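Here are the chains, one letter per residue:
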Amino acid sequence: MNTHKLIDGKATAARVLIQVREDVERLREQAIEPALAVILVGSDPASQVYVRNKILRAEEVGIRSLEHRLPADTSTEQLLILIARLNADRSIHGILLQLPLPAHIDELRALEAIAPDKDVDGFHSQNVGGLSQGRTVLAPCTPSGCLYLLEQTCGDLRGKHAVVIGRSNIVGKPMAALLLKADCSVTLLHSRSPDPQALCRQADIVIAAVGRPRLIDASWLKPGAVVIDVGINRIEDDGRSRLVGDVDFDSALAHVAAITPVPGGVGPMTIAFLMKNTVTAALAQHQAQRSQSEALCHSIY
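Parameters at a glance
- Residues numbered from 1 in each chain as written.
- Predicted model: local features only at pLDDT ≥ 70, side-chain atom pairs only at ≥ 80, totals over all residues.
- Heavy atoms only, no water.
- UniProt positions renumbered as here; feature names shortened; annotations may be inferred.
- Helix = DSSP H or I, 4+ residues; strand = E, 2+ residues; numbered from the N terminus.
- Contact = heavy atoms within 4.5 Å.
- Buried < 20%, exposed > 50% of the residue type's maximum accessible area, 1.4 Å probe, protein only.
- Axes fitted to C-alpha atoms, helices over the stretch in contact; angles between N-to-C directions.
- Parallel < 35°, antiparallel > 145°, perpendicular 65-115°, else oblique.
- Nonpolar A, V, L, I, M, F, W, Y, C, P; charged D, E, K, R; others polar.
- Domains from an automatic or database assignment.
- Salt bridge = Lys/Arg side-chain N within 4 Å of Asp/Glu carboxyl O.

Remarks on the UniProt feature "binding site: NADP(+)" (unreviewed entry) in the protein chain
According to UniProt, the positions carrying the feature "binding site: NADP(+)" (unreviewed entry) are Gly166, Arg167, Ser168 and Ile232. As for its placement among the helices and strands, glycine 166 is situated in the loop between strand 5 (161–165) and helix 7 (172–181). Not counting chain neighbours up to four residues away, the residues in contact with glycine 166 comprise Gly172, Leu188, Leu189 and Ala209. Mapping arginine 167 onto the fold places it in the loop between strand 5 and helix 7. The class of arginine 167 is partly exposed, set by a relative accessible area of 41%.

Structure representation (structure tokens):
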């Protein structure tokens, strides 16, 4: 690794969380206690691990966390009732609905039911639309973490050509919007893109978020590119199960200027930015409530 840079997501996330902890302490000095409600429907093993990790990080930075575990047979209407109650609770600043949901639940209705100012995952259409317009909103955590890693690695992103591989609503599309806001030239590749390898080889920055293990090897990459690998794929390798990314790490390593490992790259950043979004939401809600109170006082007097 003398001539190539490994992008350490764990260390970078730890620095973000230190800043979040300091922000939480400042809010508490103003009698604001940031609080995150996490909803888990069913008993999906991976989701349980993710929720446990999110709650642990919240505790570490001083964010109050409330966990709502619902049985797998919970109906859409029952879930909406809980979300409405959390929306109305002024002591709750962020609501996270762990995905995926059981197949019988209307995922879109559930996500749209979360108040946009408490939507710390950034999935509500109001936040998605605001992001596409370049406004400051609660943006999805994984793309936000990726952008932060790029800024820390590359410095000024203006004028860079970024290729995003994958057009999901959770990563690909918001990632493209954030890169555009950072003044990159952005190409979004997907399953219908002609000759994707040739298009990818033009990129200064590659964000792989397609969900196919080791799809992107050195033949896809321009020498000196910076690669952010969002993929998390479990494979069997020499009789052992292990996690790999969408990028063939060993093939790409000698070819690139910097690359994230899997695991230990993007994953820690996602949780760090969930905490950051929760603090941002708490401050914004406090300011909005104060403005409403001041407006009411002016109208009375």
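Structural notes on the packing of helix 1 (residues 9–29) against helix 2 (residues 45–61)
Contact geometry of helix 1 with helix 2 gives a least axis separation of 8 Å together with a crossing angle of 55°. Relative to helix 2, the element helix 1 is oriented oblique. Every residue of helix 2 that contacts helix 1 at Leu17, Val20, Arg21 and Val24 is listed here: Arg57, Glu60 and Val61. In the contact of helix 1 with helix 2, the residues fall into 4 nonpolar, no polar and 3 charged.

Considering the domain arrangement of the protein chain
With domains assigned, the protein chain is organised as domain 1 (31–121) and domain 2 (141–267). A C-alpha centroid distance of 29 Å is found between domain 1 and domain 2.

Concerning helix 7
Along helix 7, 7 of the 10 residues are buried, which leaves the element largely enclosed by surrounding structure. Among the residues making up helix 7, those that are buried are Gly172, Pro174, Met175, Ala176, Ala177, Leu178 and Leu179. Taken together, the buried residues of helix 7 touch helix 5 (125–132), helix 6 (141–154), strand 5, strand 6 (185–189) and strand 7 (205–208).

Focus on the pattern of salt bridges
Applying the stated rule across the entire model yields 10 salt bridges. Taken together, the shared-partner salt bridges in this structure form one network comprising Arg28, Glu33 and Arg64.

Considerations on the UniProt feature "domain: Tetrahydrofolate dehydrogenase/cyclohydrolase NAD(P)-binding" (unreviewed entry) in the protein chain
The feature "domain: Tetrahydrofolate dehydrogenase/cyclohydrolase NAD(P)-binding" (unreviewed entry), as given by UniProt, occupies residues 140–284 in the numbering adopted here. Annotated as 37% helix and 21% strand, the span residues 140–284 places its first and last C-alpha atoms 17 Å apart.

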